[in-house]
Amino acid sequence: MVSIVHLIGVLATVGLLLAVSWLSGRHVKDAQSFTTGGNSGSWMVCGALLGTLAGGQSTIGTAQLAFSYGLSAWWFTIGAGLGSLVLGLFFAGPLRRSGCTTLLEVVSREYGHNAETVGSILFLVGIFISIVSQVISSSAMIGSLFGISTVWASLIGAVLIMLLVLYGGIRSAGTGGIIKLILLYLCSLVAGIIVLHIAGGLTGLRSGVDSIYHSSTLTQVNGLSDIESIHHRYGSPFARGFFKDMGGCLSLVLGVVCTQSYAQCIWSAASTPKARRGALLCALFMPIIGAACTLVGIYMRGHYVTADEFAALQSAGETLPAGIGIIENSAQAFPSFILQHLPAWLGGLMLGTMLINILGCGSGLALGAATILVRDVYGNIRRRMGLAAGRLSQLMQTRLSIMAILAVAVIAALVFHGSFINDLGFLSLGLRAVAILFPLCFALWLPGKFNTHSILLSMPVGVCSLLLANSLSLPGNAVYYGLGASMITILVYRPREA
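Residues numbered from 1 in each chain as written. Predicted model: local features only at pLDDT ≥ 70, side-chain atom pairs only at ≥ 80, totals over all residues. Heavy atoms only, no water.

What follows deals with the overall build of the protein. Each helix and strand counted, the protein has 21 helices and two strands in total. Looking at the 498 residues of the protein, the share that counts as buried comes to 59%. Excluding contacts between residues fewer than 6 apart, the proportion of contacts in the protein whose partners are at least 24 apart in sequence is 83%. (Helix = DSSP H or I, 4+ residues; strand = E, 2+ residues; numbered from the N terminus. Buried < 20%, exposed > 50% of the residue type's maximum accessible area, 1.4 Å probe, protein only. Contact = heavy atoms within 4.5 Å.)

A few words now on helix α3 (residues 42–53). Here α3 spans 16 Å end to end across 12 residues, near enough to the 16 Å set by a 1.5 Å rise per residue. Where burial is concerned, most of α3 is hidden: 10 out of the 12 residues are buried. (Expected span 1.5 Å × (residues − 1).)

For the rest of this paragraph, the subject is the packing of aromatic side chains. Considering all chains together, one arrives at 10 aromatic pairs under this definition. Ring plane angle 85° and centroid distance 5.4 Å describe the contact between F242 and F243, whose orientation is recorded as edge-to-face. Classification of F242 as partly exposed rests on a relative accessible area of 44%. On the accessibility criterion, F243 (56% relative accessible area) is exposed. Note on F442 and F450: the rings are 4.0 Å apart at their centroids and 10° apart in plane angle, and the pair reads as stacked. (Phe/Tyr/Trp six-rings, centres within 6.5 Å; stacked < 30°, edge-to-face > 60°.)

Okay, the layout of surface pockets next. The calculated volume of the second largest pocket comes to roughly 360 Å³. Lining the second largest pocket are 16 residues, and of these L202, L205, Y234, G235 and I298 sit closest to its centre. Counting residues per element, the lining of the second largest pocket draws most heavily on helix α9 (residues 201–212), which supplies six residues. Counted by class, the lining of the second largest pocket contains 10 nonpolar, four polar and two charged residues. (1 Å grid on protein atoms, 1.4 Å probe; cavity = no way out; pocket = protein on both sides within 12 Å on 5 of 7 lines; lining within 4 Å. Points joined across faces, edges and corners; volume = space filled by probe spheres on them. Nonpolar A, V, L, I, M, F, W, Y, C, P; charged D, E, K, R; others polar.)

Residue position: W152 is located in helix α7 (residues 150–166). Exposure remark for W152: the relative accessible area of 56% places this residue in the exposed category.

Let us look at the pattern of salt bridges. For the coordinates displayed, the defined rule picks out three salt bridges. Across the pair R301 and E309 runs a salt bridge whose closest N-O atoms are separated by 2.9 Å. Take R301: its relative accessible area is 1%, and that puts it in the buried class. By relative accessible area, E309 is classed as buried at 5%. (Salt bridge = Lys/Arg side-chain N within 4 Å of Asp/Glu carboxyl O.)

As for its placement among the helices and strands, L424 is situated in helix α19 (residues 421–445). L424 gets classed as buried once you look at its relative accessible area, which sits at 15%. Residues L424 and S133, spaced 291 residues apart in sequence, show a C-alpha to C-alpha distance of 6.4 Å.

When pLDDT is averaged across the protein, the result is 84; 89% of the residues are at 70 or more. Taken together, the stretch residues 169–174 has pLDDT below 50 and engages in 27 contacts with residues farther than four places along the chain or on a different chain. (pLDDT = per-residue confidence, 0-100.)

The buried count for helix α16 (residues 333–341) comes to seven of nine residues, which makes it a mostly enclosed element. Taken together, the buried positions of α16 are occupied by A333, F334, P335, S336, F337, I338 and L339.

Among the nonpolar cores identified, the biggest contains 144 residues, and L95, I131, M300, F334 and F337 are the most heavily contacted of them. Looking at this core, the element that brings in the most residues is helix α6 (residues 103–146), giving 18 residues. (Core = buried A, V, L, I, M, F, W, Y, C linked by side-chain atoms within 4.5 Å.)

This part covers the packing of helix α5 (residues 75–98) against α19. Running from amino to carboxyl end, α5 crosses α19 at an angle of 20°, the nearest separation of the two axes being 14 Å. Judged by the inter-axis angle, α5 sits roughly parallel to α19. Once α5 is placed against α19, the crossing between them reads as left-handed. Counting all contacts with α5, which are made through F76, F90, F91, P94 and L95, the residues of α19 involved are N422, F426, L440, C441, L444 and W445. (Axes fitted to C-alpha atoms, helices over the stretch in contact; angles between N-to-C directions. Parallel < 35°, antiparallel > 145°, perpendicular 65-115°, else oblique. Left-handed = near helix turned anticlockwise from the far one by under 90°.)

Here we come to the side chain of S251. Relative to the assigned elements, S251 resides in helix α12 (residues 242–257). Residue S251 is classed as buried on the basis of its relative accessible area, which comes to 0%. For S251, the residues in contact, after removing those within four places along its chain, are F426, L429, G430, N477 and V479.

Attention now goes to the side chain of S133. Topologically, S133 is positioned in helix α6. At a separation of 2.7 Å, a polar atom in the side chain of S133 contacts the side chain of Q57. Setting aside its immediate chain neighbours within four residues, S133 contacts Q57, I421 and L424. (Polar contact = N/O pair within 3.5 Å; in protein donor to acceptor, adjacent residues only side chain to side chain.)

Our focus in this paragraph is the packing of α12 against helix α21 (residues 478–492). Contact geometry of α12 with α21 gives a least axis separation of 8 Å together with a crossing angle of 60°. Comparing their axes, α21 and α12 come out oblique. From α12, F243, M246, G247, L250, S251 and L254 reach across to α21, where they touch V479, Y480 and L483. Looking at the contact of α12 with α21 residue by residue, the classes come out as seven nonpolar, two polar and no charged.

For the rest of this paragraph, the subject is a nonpolar patch on the surface. Side chains of L11, F146, I148, V151, W152, L155, I156 and L414 sit close together on the surface and give an oily, nonpolar patch of about 700 Å² of accessible area. Take the nonpolar patch: its biggest share by element is four residues, from α7. For I156, the position within the fold is in helix α7. The exposure class assigned to I156 is partly exposed, which follows from its relative accessible area of 36%. (Patch = residues over 30% accessible without salt bridge, like charges linked within 9 Å, V, L, I, M, F, W, Y side chains within 5 Å. Areas by Shrake-Rupley, 256 points an atom, 1.4 Å probe, with all protein chains shown as cover.)

Structure representation (structure tokens):
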């Protein structure tokens with residue numbers, strides 16, 4: 001299983017990124033350079049975007065979903081890539097010309113500070129859910145590597161996320177992202193090539209899935225009935241239903257556009273063309289990473305059962321087929337593949353790279369959440385109450401906010417430790433999109449065309465509709481209900497004139 005060579009590879013890779021983040025952070029002198037950088041090139045922008053997008057959801061979560069639903073797991077990274085494309089082509093210019101430093105500042109200039117305050121609170125909830133998922137992912141990785149409890153693994157993961165961004169801000173995310181871009185691509189290509197080699201190509205992958213479901217018990221446990229249903233689940237891009245899978249993709253596309261962390265990458269560029277090229281590079285790279293993770297998940301499905309599936313086999317009096325392994329749960333698909341099927345030195349490098357991706361994604365999200373908390377929430381409260389600026393600088397406030405956010409995220413991660421990583425990801429991105437998509441777009445392109453009160457009401461109405469649809473498991477995807485309720489509120493609600 002885990003050897004000393006694995007651990008050395010992990011520690012060396014993580015140590016490299018921490019060193020780069022520290023060196024980058026030495027150039028940070030004020031809040032502006034901490035949060036937006038200001039002179040990043042295209043590759044730095046791409047690195048910052050990729051470092052925030054290619055976290056536990058895009059890697060471990062994609063392989064996990066592919067283990068259960070095959071090809072449809074690819075939509076997560078396809079959606080992330082399309083979101084980067086839309087961000088670069090349509091939003092980079094208007095955002096940079098706005099002269100703002102947060103998305104909600106753009107909204108508040110058009111619809112007032114009330115819209116900014118409401119949007120800030122809803123937005124923070126969405127980002128926080130993603131931060132929790134990154135802490136859960138890092139906890140699972142650290143716990144499996146070092147054999148420590150969930151509590152200690154979560155604490156260590158949160159501390160590492162904090163160190164990555166605390167002293168470097170957006171610069172550390174970008175520089176580290178370039179290194180991750182190189183390492184992640186090497187690891188993804190290697191993983192994909194090895195999977196195709198040991199499986200015997202795409203035909204071998206399909207044969208492996210067919211063979212694992214020769215057991216009627218496994219077929220029933222997974223809600224399958226015959227060979228056609230098996231082929232549909234693992235070979236169709238819409239295995240979970242067209243509207244559900246496309247809704248997940250839509251959540252990613254709009255969520256990327258409406259997330260402060262990704263917008264900060266655009267603002268960090270030295271020029272609009274560089275911002276646009278960086279986003280387009282990220283759009284190119286993300287789906288390739290997802291393809292490799294999807295292949296790994298499908299391969300593991302054909303050669304492993306989970307602990308619960310093994311227990312079902314035993315209850316039915318069946319034995320485990322020869323050559324079939326056992327993993328604790330589907331989230332262990334990618335880490336188990338690395339440990340079981342790669343040389344130890346390469347496995348250590350890949351595990352370290354995956355851990356870095358998770359930590360980097362968490363750090364970017366924490367930075368975005370802290371920026372909103374300091375500038376949009378605390379700043380508005382201070383202005384409304386007529387309070388003078390505090391003794392702490394904005395830079396120190398942002399750093400302290402990051403520490404507080406991660407402390408609360410650890411507690412939440414321990415409470416929701418059994419949740420599916422990608423479920424949290426879809427919910428988080430969909431919530432961010434529903435909260436501010438229409439106010440943001442109208443503020444940028446249709447100023448003065450919509451009533452301020454209807455915009456303000458549409459934000460909580462849309463989010464509540466999304467959460468309700470998600471909790472009731474309504475048909476399709478919850479994001480449709482949230483966006484629909486938000487738009488209907490904007491078009492229908494007409495408050496009385498004072």
